[in-house]
Amino acid sequence: MYNGMTIAEKILAKKSGKKKVEPGEIIEAEVDYIMVNDVTGLPAFEVFENFNVAPLRDKIVLIPDHYVPNKDVPSAEQAKAMRIFAKKYNLPYYYEVGSSGVCHQHMIEKGFAAPGRLIVGADSHTCSYGALGAFSTGIGSTEAACAMALGNLWFRVPESQKFIIEGKTRKYVMGKDVILHIIGDIGVDGALYKSMEFYGSTVESFPLADRISIANMTVEAGAKAGIIPPDNTVYEYLKGRVIGEYEPVFADSTAEYIETFSYDAIEIPCTVAKPYLPSNIAPASELGDITIDQAYLGSCTNGRIEDLRIAAKILKGKKIHPNVRMIVVPASKEVYEQALEEGIIKVFLDANAYVSGPTCGACLGGYMGVLARGERCISSTNRNFIGRMGHKESEVYLANPAVVAASAITGRITDPGEVEHG
Amino acid sequence: MDKIRGRVWKFGSNVDTDQIIPAEYLVTGDPKKLAGHAFEKVRPDFAKKVKKGDIIVGEENFGCGSSREHAPRALIGCGISCVIANSFARIFFRNSINIGLPLIECAVEATEGDILEIDFENGRILNTNSGREYRFKPLPDFLLDLLKAGGIVEYTKRKLASN
């Protein structure tokens, strides 16, 4: 009997020139784009020089974002290596500091990410572009170099899981809460090696920003890809942005999923992941006794204009708690400009938040907001591992932007509903 | 790499790449330089005491988190000869195979300091302390070929030469 294909299978089949692929099969597939950042770029460039060929210029995207503006001399050398590589091979898609932002946001804004594409990136959150119906996945530096030379790469075809989320969300509940809830349910290896596909009225009603948060964090469940079928929300966003043509890919009605999970959106509260795993979740309303030292708003997970808007709405006319410093990092130049235009940056400044230009910096404990011993941060980012944002005895609590803003006001983890009525 | 013998460093589940090599040291790709900071935040004595040929035994989801190839590079820099775990996070798995760090998916009971003998060809692991033997499924042919070729760089060179 003929079984249909999931979105992941269809894209991998198309890109490997096959009519059909099966989960578990190892294929070599043509990639549309290969992205590296300043941290993962340097090792890739060193490897690439082994090959004595010209790189596939139109497939390579170079975005410095982790440690730029340079945090110290070694990171300056690393960023310089990227600049030199781009110049040496006259690469069209190198983005200098100030012109871009956090790599995944930039990949989406500039129209690299689009339905049906196969995109690899030397950064684990490359899976974000699944929000637009692409198969995108994180890879390493060495294989990024190989793909820059060959244009293709090996993939094990993943099994697919189906996640159906139905109904209206509660006030202040965002895509972040949905994905934290799912990771809490299936665990940090609940989707190991697999592709997660998302369906249902809740996902369909979400703006692109929330869909990106969902796809972005699928890697925290171990997934290879997290894909949402594209629709008008995606097509409208891509108008005037997308590079080249694209062809949306949908699952067949006879596609086989190894598991199906169903959720009722109304049952998902504003959710916080406690240290030290993204699966360690609790409702924000139950953590009100936990005081915080820092509130961080930004990252590829939640640094978009929609995220800044909801935080500003909560902070407007209020001050950050005296025991807390709040750091706001728009995910890109475009987000920053839009926030300026809407008066959002002014709201943050008036509340005594520190606003910086785009960088990954503090999310991974690099710089611009590193935590001291014993300090606690409520953060709109994606990982709360041991020492993720600094000292090994510091703690990160993951939450949506509304919870981050509400907590910054009260100085303790706070459900936004509490501040609204307070 | 048909047979190796080494001393065990025992880890639990969900060992993430931030633990293997903290992000603040991601300013070089050099395995030797990275090696000095391996597991710095969670096992401060690891980098000082690890010896060439040692084996890491983890449990579920080893290597989860960031895509940083610096993680397997740091382990290679430390002289780790093989990582055994019940399961691996996928990017860590790819990276390790691509750069020639052998991984084995197998649930092995071992305690810190045990001596393991690994027979890759026959898919056997012997814990010489407990006397227990474990069997594992060899990697798919494509990945074995990659490892045998010396990693994906050599594989790519061959492909480029034949194009």
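Details of the structure are given in the entry above.
Not measured: the values here are computed from a predicted model.

What counts, and at which threshold
- The residue numbers shown here count from 1 along each chain, following its written sequence.
- Numbering of ligands from 1 and lettering of chains from A proceed in the order in which they are written.
- Where totals are concerned, whole chains, interfaces and linings use all residues; where local detail is concerned, this predicted model gives features only for residues with pLDDT of at least 70, and gives and counts side-chain atom pairs only at 80 or more.
- Neither water nor hydrogens contribute to the side-chain values; these are computed over all heavy atoms in the structure.
- The classification of residues rests on relative accessible area computed with a 1.4 Å probe and restricted to protein chains. Under 20% of the type maximum is buried, over 50% is exposed, and intermediate values are partly exposed.
- By definition, any uninterrupted DSSP run of H or I lasting at least four residues is a helix, any uninterrupted run of E lasting at least two residues is a strand, and each is numbered from the N terminus.
- Should DSSP find at least two bridges between two strands, the strands are regarded as paired.
- Structural elements are reduced to axes, namely lines fitted to C-alpha atoms, with helices fitted over the stretch in contact, and the angle between N-to-C directions of any two is expressed from 0 to 180 degrees.
- Between 65 and 115 degrees an angle is taken as roughly perpendicular, under 35 as roughly parallel, over 145 as roughly antiparallel, and anywhere else as oblique.
- Whether a crossing is left-handed or right-handed is set by the direction in which the near helix is turned from the far one by less than a right angle, anticlockwise for left-handed and clockwise for right-handed.
- Any two residues whose heavy atoms approach within 4.5 Å are treated as being in contact.
- The residue classification treats Ala, Val, Leu, Ile, Met, Phe, Trp, Tyr, Cys and Pro as nonpolar and Asp, Glu, Lys and Arg as charged. All others, Gly included, are polar.

1. Some words on the pairing of strand E1 (residues 26-30) of chain A
All names here are of chain A. Burial along E1 is one-sided: the face carrying Ile27 and Ala29 is buried and the face carrying Ile26, Glu28 and Glu30 is not. Bridge analysis of E1 against strand E6 (residues 152-156) gives five bridges, and the strand direction is antiparallel. Among the inter-strand pairings, Glu28 is bridged to a residue of E6, identified as Trp154.

2. Notes on the packing of helix H6 (residues 175-186) of chain A against helix H8 (residues 208-216) of chain A
Each pair of packed helices can be described by the angle between their axes along with the distance between the axes. All names here are of chain A. At a minimum axis distance of 8 Å, the contact between H6 and H8 shows a crossing angle of 25 degrees. Compared by their axis directions, H6 and H8 come out roughly parallel. When the axes of H6 and H8 are compared, the crossing they make is right-handed. Only Asp210, Ser213 and Ile214 of H8 make contact with H6, whose side of the interface consists of Gly175, Lys176, Val178 and Ile179. Of the residues contributing to the contact of H6 with H8, the split by class is three nonpolar, two polar and two charged.

3. Concerning the sheet that holds strand E3 (residues 60-63) of chain A
All names here are of chain A. Taken together, the four strands give an open sheet; going across it, the order is E3-E2-E4-E5, and neighbouring strands pair in parallel fashion. Each edge of the sheet is formed by a strand with only one pairing partner; in this case those strands are E3 and strand E5 (135-138). In this sheet, neighbouring strand axes are inclined to one another by 20 degrees on average, regardless of whether the strands run parallel or antiparallel. Two strands pair when backbone bridges link them, and strand E2 (residues 33-37) and E3 are joined in this way by four bridges, in the parallel orientation. Its bridge partner lying in E3, Asn37 is registered against Ile63. With respect to the sheet, helix H2 (residues 38-48) is in contact with E2 and E3, its orientation differing from that of E2 by roughly 110 degrees. Sitting on the sheet, helix H5 (residues 141-150) touches E2 and E3, and the angle it makes with E2 is about 140 degrees.

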